[in-house]
Each structure stands twice: as C-alpha cells, then as structure tokens.
Amino acid sequence: MRKDLEEILNKTQKQRKEMDERAFINQKRVLEAFKNNKIALRHFAGTSGYGYDDAGRDAFNNVVAEIFGAEKAVCGPLIASGTHAITVALFGVLRPGDEVLSAVGKPYDTLEEVIDGKNNGSLADFGVKFHYIDLVGDDFDYDAIREFLQSRKVKMLYLQRSRGYAWRQALSIQQLKKVCSLCKEVSPQTVIFCDNCYGEFVDVYEPTHAGVDFCAGSFIKNIGGGVAPTGGYVVGRGDLVDLAAGRLTAPSVGAEVGSYAAGYRLFYQGLFLAPHVTCQALKTALIFSQALSDRGYEVSPKPDGQFGDVVCSIKLGSEEKMRRFCKAIQSVSPVDGFVTPEPWYQPGYADKVIMAAGCFVQGASIELSCDGPIRPPYTVYMQGGLTLEHGLYALEKVLDGLE
C-alpha cells in the first residue's frame, strides 16, 4: 500500500474503531428483529397477482418496524426511490389547506417539483403550503421554529437528515431529538416527518427513536446493504404509515396488496448486511475527508467532525476538477469502469449534474459513487462504498487525478 494511504489509515484509526462499535450494536438489533419475527426460508418466496397474504412482504415490514422502534412499516419494491417514498408519505398524510414547516430550508432538489410544481400534481396544486426556515451553523434555528409553531397551525414539521446539494453537515440524532422535543412541547398536534435517506445505521438510533413520528428512505441506499435490487420504505406511527400505504396502493387496500414475483431474499439479505456495509461507507467518507482536507480542500464533515450520513462533500473550485474527480471514481467502478462521466440535465435537477456511479444496482448510492451540480463552488458529493478496500483504491486514483 502507498505510504500516503497508510498515513491516512493511521490518522483515522480512532474514528474507524468507533464506527465499528456502532456497527456491532446495529448488527445485534437487526438480528434480534429477524429472530423475533421468526424469519424463515418461506419468507423469501415471491407472489403474484394481488399479493394477498404475502408472508415475505408482511414479515419484512414487521422486521423494519422493529429495527426502527416503530409501530408499522410499509416497504419493498413497489416504492421506486427515496423521492417516491417521501412523496408517498407526504401525499398520504397532508390534505388541502395544510401548512408544512421545513426546518431545514429547501429540501433536496428532486422534491422541488413534488412540493412547489405548477400544474403537475404537486402538493402546491392540491393547496398544501410549505414554509421554510434555514439552518444556522449546521443546526436548527430553534427560536425561529418555536415562534413559527406558536403563531401558525402547522400540520407537519419536515426534517431532512442528509445534506442534499447544500453545504452543510448531516443532522445528528441528538439534534433531531432536540427539535422533536421542542415541537411536541409547543405544537403537540403537529406530526414530524424526516427524510432519512443516507442516514440509516450511521448512528445506533434512528429518527423514530428520537421523536420523529414517521420517516422514509430508499433500499438502494444504506438500508439495502448494497444487495436490495430496488425499493423504499415508510416507517413510524401506525396511523401515519397506514395513510402512506393507502397512497402507495389505494386507500381501500393499503398494505394488504402488492406482489413481487422475484421474491424477497435480496431485501432480507441486504438488510442483514446493512450495518456492516454502512460502516464501510462511513470509513470511506472518513478517509476521503482526511485526505482531501490534508491537501487543502474544504470538506464536510471534517475528519474529526460529526458523520451524520455516508456523504463527504468536497469543494473543488472548478468544473475541470469535478470532471477529473468523477472520472477517477468511475475508473475504479466494477461496472462501466471504462466510461467517462459527462454533465447532463438529469430529470428533477435545475442544473447540469455530473455523476460517477458504476454500480451493480443502478444508481445505488450505498455503492461508491459521487455527483454534484455544475455550479460554483463546484462541490462533489461522494457517498457509499461497499468495502473500505474499494474506497482506498478510489482515493488513490482521485489523489493522482487532482495533482
């Protein structure tokens, strides 16, 4: 191994040990949920048609709910992405005239048309009004949130754990707990929702352990362990999950229908692997943070900072360096490693976006990938990594490419 990579590993030894300890706790919780729900080979079988009495689907929902310390979950392949899971949750619970307070400013880019689109079936088209309070110094503006909740009838407090394309750190479970406590004190009728994408198994607790009423995410991110082929989830308070399930299928049938002929083994296996794989991705983000900050680049989080998701943001300062960074990541990808990524106008984004992602599961953000909008200060958002070894090889190529 190159001497500079050995130095990076030595510098990050303490943080990596702490990540291992959290992964061990999470692994035990996952295994206990499997055992408590008596998962057996029969749960891997697929179903067809309506999917009535689909034992694999129903047991999987129960396993995820237990892991999150929640009443119910609706999961699986009928949910196409994290954005879809969030959309199902929002449309399931919100009604015309409802007001939503986003305590994290504007949500992630792909939700802009979901929330404020014109004549496209957005929440705004149905009379749902979003209000925004920006974060202050990587934390909630608690005073402003308190004042707003006291002055308006707010149906939902909207939280987003990860950073999207914003320059900020991901929110910690402790921060979520504090803002949830404030909301329950000031406006107990307000339901609390959290976009949990990129955050599962980063901590030993999930947002639902911290007071969030329900949250949503994608199985091609952390919780799918790099194995789940598709899917997403909504998990939390039973009545809220039922409303989301009614929007996913139909109000009359909810989570009672929905077949999947391919079977559920990969979902169960991915969930089993997820604590370990998420730990590998965190270590990859850590070594990139250490290496790039050592070379004078501004990174978030810093190597000694708080890792609230599996993302490392790096300000590169030019489009050319973004291209070179993404080319390096793509060049060590197990799939399409021969391809050179180019910026393009991807659906759901306002700017051209460059993405490097040679994944076994198309677009899986838990596999090593990076992306970013082509706009100043030319920041790349690197995430995932099924193994630390892959992350080290990618880091080697990135450092060579930026010289």
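Look up a bit, the structure's there.
Below, the structure is looked at part by part. Bear in mind that the values here come from a model prediction, so they are computed numbers and not experimental data. Sequence order as written defines the numbering, with residues in each chain counted from 1. Confidence filtering applies because this is a predicted model: local features only for residues at pLDDT of at least 70, side-chain atom pairs given and counted only at 80 or more, and all residues used for totals across whole chains, interfaces and linings. Side-chain numbers here rest on the full set of heavy atoms in the structure, without hydrogens or water.

## Structural notes on the side chain of Gln 330
(1) Moving on: Secondary structure elements follow DSSP: runs of H or I no shorter than four residues count as helices, runs of E no shorter than two count as strands, and numbering proceeds from the N terminus. Tracing the backbone through its elements, the reader meets Gln 330 in helix 10 (residues 319-331).
(2) Moving on: With relative accessibility at 4%, the residue Gln 330 sits in the buried group.
(3) Moving on: A polar contact of 2.9 Å, which involves the side chain of Gln 330, links it to the backbone oxygen of Asp 336.
(4) Moving on: Polar side-chain contacts of Gln 330 include one of 2.9 Å to the backbone nitrogen of Ala 357.
(5) Moving on: Residues count as neighbours in contact if any of their non-hydrogen atoms are within 4.5 Å of one another. When sequence neighbours within four positions are dropped, the list of residues in contact with Gln 330 reads Val 335, Asp 336, Gly 337, Val 339, Pro 341, Met 355, Ala 356, Ala 357 and Gly 358. A simple rule labels every residue: compare its accessible area, found with a 1.4 Å probe on the protein chains alone, to the largest value its type can have, and call it buried under 20%, exposed over 50%, or partly exposed in between. N or O atoms closer than or at 3.5 Å make up a polar contact, with two conditions inside protein: a donor-capable atom paired with an acceptor-capable one, and, for residues adjacent in sequence, both atoms drawn from side chains.

## A word on the sheet that holds strand 5 (residues 191-195)
(1) Moving on: For two strands to be treated as a pair, DSSP must find at least two bridges joining them. Reading across from one edge, 1-7-6-5-4-2-3 is the order of the seven strands in this open sheet, with mixed pairing throughout. On the outer flanks of this sheet lie strand 1 (72-76) and strand 3 (129-132), each paired with one strand and no other. With strand direction ignored, the average angle separating the axes of adjacent strands in the sheet is 20°.
(2) Moving on: On top of the sheet, helix 4 (residues 82-93) reaches strand 3, strand 4 (156-160), strand 5, strand 6 (214-218) and strand 7 (232-236); it is set at about 155° to strand 6, its chief contact. Interaxial angles span 0 to 180 degrees and are taken between N-to-C directions of axes, which are lines fitted to C-alpha atoms, for helices over the stretch in contact.

## Things to note about the pattern of salt bridges
(1) Moving on: Salt bridge, as applied in this entry: a Lys or Arg side-chain nitrogen positioned within 4 Å of an Asp or Glu carboxyl oxygen. If you walk through the whole model with that rule in mind, you get 23 salt bridges.
(2) Moving on: Lys 106 is paired through a salt bridge with Asp 116; the nearest N and O atoms lie 3.5 Å apart. Highlighted residues: Lys 106 in the loop between strand 2 (99-102) and helix 5 (112-116) and Asp 116 in helix 5, separated in sequence by ten residues.
(3) Moving on: Overall, the relative accessible area of 31% leaves Asp 116 in the partly exposed class.

## Re the side chain of Arg 29
(1) Moving on: Locating Arg 29 in the fold gives a position in helix 2 (residues 13-36).
(2) Moving on: The sign given to each residue is positive for Lys and Arg and negative for Asp and Glu; His and the chain ends receive no count. Although Arg 29 is buried, it makes no salt bridge; Glu 206 carries the closest opposite charge, 4.1 Å away.

## Structural notes on the environment of Met 382
(1) Moving on: One can find Met 382 in strand 12 (residues 379-383).
(2) Moving on: Counting along the chain gives 27 residues from Met 382 to Met 355, while the straight-line C-alpha distance between them is 9.8 Å.
(3) Moving on: The contact partners of Met 382, leaving out residues within four places of it in the chain, are Thr 284, Ala 285, Phe 288, Val 310, Val 311, Cys 312, Phe 325, Leu 368, Ser 369 and Cys 370.

## Observations concerning the packing of helix 4 against helix 8 (residues 238-248)
(1) Moving on: Two elements in contact, helix 4 and helix 8, have axes whose closest approach is 7 Å; the angle formed by their N-to-C orientations is 110°. If you check the angle between helix 4 and helix 8, you find them roughly perpendicular. The segment helix 4 lies against helix 8, with His 84, Val 88, Ala 89, Phe 91, Gly 92 and Val 93 engaging Leu 240, Leu 243, Ala 244, Arg 247 and Leu 248.
(2) Moving on: For this classification, Asp, Glu, Lys and Arg are treated as charged, while Ala, Val, Leu, Ile, Met, Phe, Trp, Tyr, Cys and Pro are nonpolar and the rest, including Gly, are polar. By residue class, the composition of the contact of helix 4 with helix 8 is eight nonpolar, two polar and one charged. Roughly parallel means an angle under 35 degrees; roughly antiparallel means over 145; roughly perpendicular covers 65 to 115; every other angle is labelled oblique.

## Description of the pairing of strand 7
(1) Moving on: Of all five residues in strand 7, five are buried, a share of seventy percent or more.
(2) Moving on: Because side chains alternate across strand 7, one face comprises the buried residues Gly 232, Val 234 and Gly 236, and the other comprises Tyr 233 and Val 235, equally buried.
(3) Moving on: In this structure, strand 6 lies alongside strand 7, joined through five bridges in antiparallel fashion. Paired with Ala 216 across the two strands is Val 234, which belongs to strand 7.

## Points about the packing of aromatic side chains
(1) Moving on: Here a pair means two rings of Phe, Tyr or Trp (six-membered ring of Trp) with centres within 6.5 Å. Their orientation is stacked below 30 degrees between planes, edge-to-face above 60, and tilted elsewhere. This structure, assessed with the given rule, holds 21 aromatic pairs.
(2) Moving on: For the pair Phe 68 and Tyr 233, a centre-to-centre distance of 5.4 Å together with 45° between the ring planes defines the contact as tilted. Here Tyr 233 lies in strand 7 and Phe 68 lies in the loop between helix 3 (55-67) and strand 1, a separation of 165 residues in the sequence.
(3) Moving on: What makes Phe 68 buried here is its relative accessible area of 1%.
(4) Moving on: The interplanar angle of 75° and the centroid separation of 5.8 Å between the aromatic rings of Tyr 260 and Phe 267 together place this pair among those described as edge-to-face.
(5) Moving on: Exposure remark for Phe 267: the relative accessible area of 1% places this residue in the buried category.
(6) Moving on: Pairwise contacts between aromatic rings join Phe 34, Phe 44, Phe 60, Phe 68, Phe 219, Tyr 233, Tyr 260, Tyr 264, Phe 267 and Tyr 268 into one cluster.
(7) Moving on: A ring is scored as having a charge over it whenever the NZ atom of a lysine or the CZ atom of an arginine sits within 6 Å of its centre and within 35 degrees of its normal. The ring of Tyr 198 carries Lys 221 above its face, with NZ or CZ at 5.0 Å from the centroid.
(8) Moving on: Positioned over the ring face of Trp 167 is Lys 315, at 4.5 Å from the centre of the ring.

## A word on the pairing of strand 9 (residues 311-315)
(1) Moving on: In terms of residue burial, strand 9 counts as a mostly covered element, since four of its five residues are buried.
(2) Moving on: Pairing analysis gives three bridges linking strand 8 (residues 298-300) to strand 9, with the strands arranged antiparallel. Along strand 9, the bridge assignment pairs Glu 298 with Lys 315.

## Concerning the packing of helix 9 (residues 265-294) against helix 11 (residues 388-402)
(1) Moving on: Helix 11 packs onto helix 9 with a crossing angle of 25° between their chain directions and a minimal axis gap of 9 Å. The pairing of helix 9 with helix 11 is recorded here as roughly parallel in orientation. Seen from above, helix 9 lies across helix 11 with right-handed handedness. Contact with helix 9, carried on its side by Gln 280, Lys 283, Thr 284, Ile 287, Phe 288, Ala 291 and Leu 292, involves Leu 388, Glu 389, Gly 391, Leu 392, Ala 394, Leu 395, Val 398, Leu 399 and Leu 402 of helix 11 and no other residues of that element.
(2) Moving on: Considered class by class, the residues forming the contact of helix 9 with helix 11 number eleven nonpolar, three polar and two charged. Rotating anticlockwise by less than a right angle from the far helix to the near helix defines a left-handed crossing, while the corresponding clockwise rotation defines a right-handed one.

## Regarding the state of the cysteines
(1) Moving on: A pair of sulfur atoms, both from cysteines and within 2.5 Å, is called a disulfide here. Within the structure shown, the criterion is met by zero disulfides.
(2) Moving on: Free cysteine Cys 312: the closest other cysteine sulfur is in Cys 370, separated by 11 Å.
(3) Moving on: Using a relative accessible area of 0% as the deciding quantity, one classes Cys 312 as buried.

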